[in-house]
Amino acid sequence: MSRLQIINLSVGAAALAFAFALAGCTPQSDLQQLNQNEFTLRGMIASDRQQIDALQQQIKRQNDEITELKHGASGAGGDASSLGDKVAKLETEVSALQAGMAATPGAVPPPVGDAAGAPLGAVASNSPAP
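Calculation notes
Chains are numbered independently. Their residues run from 1 in the order of the written sequence. It should be noted that, the model being predicted, local features are given only for residues of pLDDT at least 70 and side-chain atom pairs only at 80 or more, the latter also being counted only at that level, while totals for whole chains, interfaces and linings use all residues. Side-chain numbers come from the whole structure's heavy atoms, not from hydrogens or water. In this description a helix means any DSSP run of H or I spanning at least four residues, a strand means any run of E spanning at least two, and both kinds are numbered starting from the N terminus. Buried, partly exposed and exposed residues are distinguished by accessible area as a fraction of the type maximum, computed with a 1.4 Å probe on protein chains only: under 20%, between the cut-offs, and over 50%, respectively. Methods summary: accessible areas were calculated by the Shrake-Rupley approach with a probe of 1.4 Å, and residue burial reflects only the protein chains presented. Whenever a carboxyl oxygen of Asp or Glu lies within 4 Å of a side-chain nitrogen of Lys or Arg, that contact is scored as a salt bridge.

## Side note on the overall build of the chain
Helix and strand counts for the chain come out as two helices and zero strands. Per-residue burial over the chain gives 8% buried out of 130 residues. Working note: accessible area of the chain is about 10800 Å², and carbon and sulfur atoms make up 63% of it.

Here's what the structure looks like:
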């Protein structure tokens, strides 16, 4: 049981016991006042319970956001160095290809394509090249 449920039961039980104890020796208006006070307390408890639930949901969302930010920050740093390494490798390959083309007089440069050498937009096939 949560603390609010225990408090709610305690307040309700105390109010009910108090009402029964005073029922024989108190005027009707006092009983009505006790009932009104109990009703007010129950409303306050319900309102507090709703606020606590809303705060718990907010905390959960913020914890999720913090987790995402932590993963994003560590992932972005790793990706940046990985991307830098890939760019450096590609630059080295392009330089080697350019040097090889410059050494071969009259060579026709290959068509612009993707990393596998296929022209952009071409469909890859498993058949050997002619």
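From this point, the narrative continues.
## Looking at the pattern of salt bridges
Summed over all chains, the structure comprises two salt bridges. In this structure, Glu 38 and Arg 42 form a salt bridge, with 3.1 Å as the shortest nitrogen-oxygen distance. Placement of the pair is Glu 38 and Arg 42 together in helix 2 (residues 28-103), with a separation of four residues, close to one helical turn. By relative accessible area, Glu 38 is classed as buried at 17%. Of the charged contacts, one joins Lys 60 and Asp 64 as a salt bridge, the two residues approaching to 3.5 Å between their closest N and O atoms. With a gap of four residues between them, Lys 60 and Asp 64 both fall in helix 2, about one helical turn apart. By relative accessible area, which is 54% here, Lys 60 ends up exposed.

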